[in-house]
Number of protein chains: 2
Amino acid sequence: MELNKLVDQIKIKKSFLCLGLDSDLSKIPQFLLNESDPIFSFNKALIDALSGLIVAVKINTAFYEVNGVEGWNSLKKTIEYINTKYPELFTIADAKRGDIGNTSDKYAKAFFENLSFNSLTVSPYMGSDSVEPFLKYKNKYTILLGLTSNKGSNDFQTYPSKDDNLFKQVLKKSKLWKGSNNLMYVVGATKSEYLKEIRSIVPDSFLLIPGVGAQGGSLIDTFKNGANQNIGLLINSSRAIIYAGNGNDFLNKSISVAKTYQIEMEKLLKTL
Amino acid sequence: MELNKLVDQIKIKKSFLCLGLDSDLSKIPQFLLNESDPIFSFNKALIDALSGLIVAVKINTAFYEVNGVEGWNSLKKTIEYINTKYPELFTIADAKRGDIGNTSDKYAKAFFENLSFNSLTVSPYMGSDSVEPFLKYKNKYTILLGLTSNKGSNDFQTYPSKDDNLFKQVLKKSKLWKGSNNLMYVVGATKSEYLKEIRSIVPDSFLLIPGVGAQGGSLIDTFKNGANQNIGLLINSSRAIIYAGNGNDFLNKSISVAKTYQIEMEKLLKTL
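Thresholds, definitions, all that
- Residues numbered from 1 in each chain as written.
- Chains lettered and ligands numbered in written order.
- Predicted model: local features only at pLDDT ≥ 70, side-chain atom pairs only at ≥ 80, totals over all residues.
- Pairing = 2+ DSSP bridges.
- Helix = DSSP H or I, 4+ residues; strand = E, 2+ residues; numbered from the N terminus.
- Axes fitted to C-alpha atoms, helices over the stretch in contact; angles between N-to-C directions.
- Contact = placed C-beta atoms within 7 Å.
- Parallel < 35°, antiparallel > 145°, perpendicular 65-115°, else oblique.
- Nonpolar A, V, L, I, M, F, W, Y, C, P; charged D, E, K, R; others polar.
- Buried ≥ 20, exposed ≤ 12 C-beta atoms within 10 Å, placed from the backbone.
- Least-squares fit on C-alpha atoms with pLDDT ≥ 70 in both.

(A) A look at the sheet that holds strand 7 (residues 207-209) of chain B. All names here are of chain B. The strand order 1-2-3-4-5-6-7-8 describes a closed barrel built from eight strands, whose pairing is parallel. This sheet shows a mean twist of 30° between the axes of neighbouring strands, independent of strand direction. Pairing analysis gives five bridges linking strand 2 (residues 56-60) to strand 3 (residues 90-97), with the strands arranged parallel. Note on strand 3: the bridge partner recorded for Ala56 is Phe90. Of the strands in this sheet, strand 5 (141-147) and strand 6 (183-187) touch helix 8 (residues 166-174), which is tilted by about 150° from strand 5.

What follows is the structure, given as structure tokens:
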């Protein structure tokens, strides 16, 4: 997908909401367990119900790998369904991959070619040659872990000091890599105090922001400190939306939560 | 697997060789493409041929994910075959996973419970709470990326300075995590000059050493600088062994390469 199409969608839908499909057999409405592929049925129902309120869908691979071969089949059917019926949705494989070059090549082929995701989350730990195999794909986006939303982000990402730490090095160095125009970054909503500084390093890049909702980040603070002239933000919500209800009316409850986010986003977009 | 069983195997087989199954449809002997699952047939043949020369098997998940649902099925059949026929082999899922806690929980369940791997490689970038879900499994091992074998390891792992850099922080901090007795570390054979210092930080941990062979690392230097009283090393070789030949006699060529490694290892073990 070309990036301006994503920006167009944000303006059309007045939303920069990303739906996170952390779909878990033990948490989805129990009546769906009668379906031949409960996870796919759950995902499909959510995507159909929410497609007007969201601009992106993030599939967390762990929740599919845990179901083995069947799980990979659910993942495949979900991304194929989106690509066929909602090609305007920006798709993210939240897989946090990254390895030596010949191995990253395989991951890139798996997610960008075979499954046709628009983007993939990647860990920067192994450096340039572990990430560049993903960057060579035109109109495919590598979402590099920058400053994550969890407590453990303080172990290494903010090492050695506030002024000159690892996650800033990741932002700075990655800008110099071949194909860096295809980079986006993960920045946790729980770290909105860092966003202004992050914007000074990567003013033009899209940021994928998890951590609003269950993890406690603020949408308003994130927008004020993180939005750029192209909006430049995708706010992910997973559990707060997909598990809003668990009865026959679960879709209405999910729509209600997503709509609340969308209305807040519409207000914020007017302030730009 | 209990760690002393791995040490026993090393002593019995006089080998600390790990077979890396980076099994690629485009590189395996072409006659195997007539099999119903060529990758599994290739893996099975190699494991049967080499089981006396190796103590561990490392499955690189990228090479299976690239084949989608079929690939996960090949992976599943391979690990089940090893667990059934060769339970004495230490198994490694080389997946380089790691995410926030509730997601790492799923990866741990996928690899440790469902697929019954003995160990999994994990990226440290997201810190303690992204790794601890793996560490809580008894007799399962989390092989944390320390200093990797690729050129890009110089981007962040050796930041900010030689004396006080990220990979040493990873070693030092991870020792304090809950369940840290289940940690092992990845250290590239191309970085053998660092091994003495690494051993001073993690004297007792097993190290998984890729980078001998195709990547140019030295087995002798690695052993001299990295072995401990329990040997403490698993030397991985993937391409050099599995693609030693590609005709009908490919197994003999793989055996020959693996045997060369084993003989060198036997000599080194005598020096301990």
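(B) Fine view of the sheet that holds strand 3 (residues 90-97) of chain A. If you trace the eight strands once around the closed barrel, you get 1-2-3-4-5-6-7-8 (chain A), paired in parallel fashion. Each neighbouring strand pair of the sheet contributes to a mean axis angle of 30°, computed without reference to strand direction.

(C) Fine view of the packing of helix 4 (residues 68-85) of chain A against helix 4 (residues 68-85) of chain B. Packing of helix 4 of chain A against helix 4 of chain B leaves a shortest axis separation of 9 Å and a crossing angle of 170°. Of the possible angle classes, the one that applies to helix 4 of chain A and helix 4 of chain B is roughly antiparallel. Contacts between helix 4 of chain A and helix 4 of chain B pair Gly68(A), Val69(A), Trp72(A), Asn73(A) and Lys76(A) from the former with Gly68(B), Val69(B), Trp72(B), Asn73(B) and Lys76(B) from the latter. A breakdown of the residues in the contact of helix 4 of chain A with helix 4 of chain B according to their chemical character gives four nonpolar, four polar and two charged.

(D) Quick look at the environment of Lys109(A). Within the fold, Lys109(A) resides in helix 5 (residues 101-114). For Lys109(A), a count of 17 C-beta atoms within 10 Å corresponds to the partly exposed category. For the pair Lys109(A) and Phe134(A), spaced 25 residues apart in sequence, the C-alpha to C-alpha distance is 8.6 Å. Discounting chain neighbours no more than four positions away, the residues touching Lys109(A) are Asn114(A) and Val66(B).

(E) How the structure looks around the environment of Leu251(A). All names here are of chain A. Secondary-structure assignment places Leu251 in helix 12 (residues 250-270). Placed 40 residues apart in sequence, Leu251 and Gly211 show a C-alpha to C-alpha distance of 22 Å. Leu251 has contacts with Ala45 and Ala49, leaving out every residue within four places of it along the chain.

(F) Representation of the relation of the copies chain A and chain B in the model. Superposing chain A onto chain B requires a rotation of 180° together with a translation of 0.0 Å along the rotation axis, leaving an RMSD of 0.0 Å. Both copies are brought into coincidence by an operation consistent with a two-fold rotation axis. The residues that chain A uses at the interface reappear at the interface of chain B in 100% of cases, marking a shared surface.

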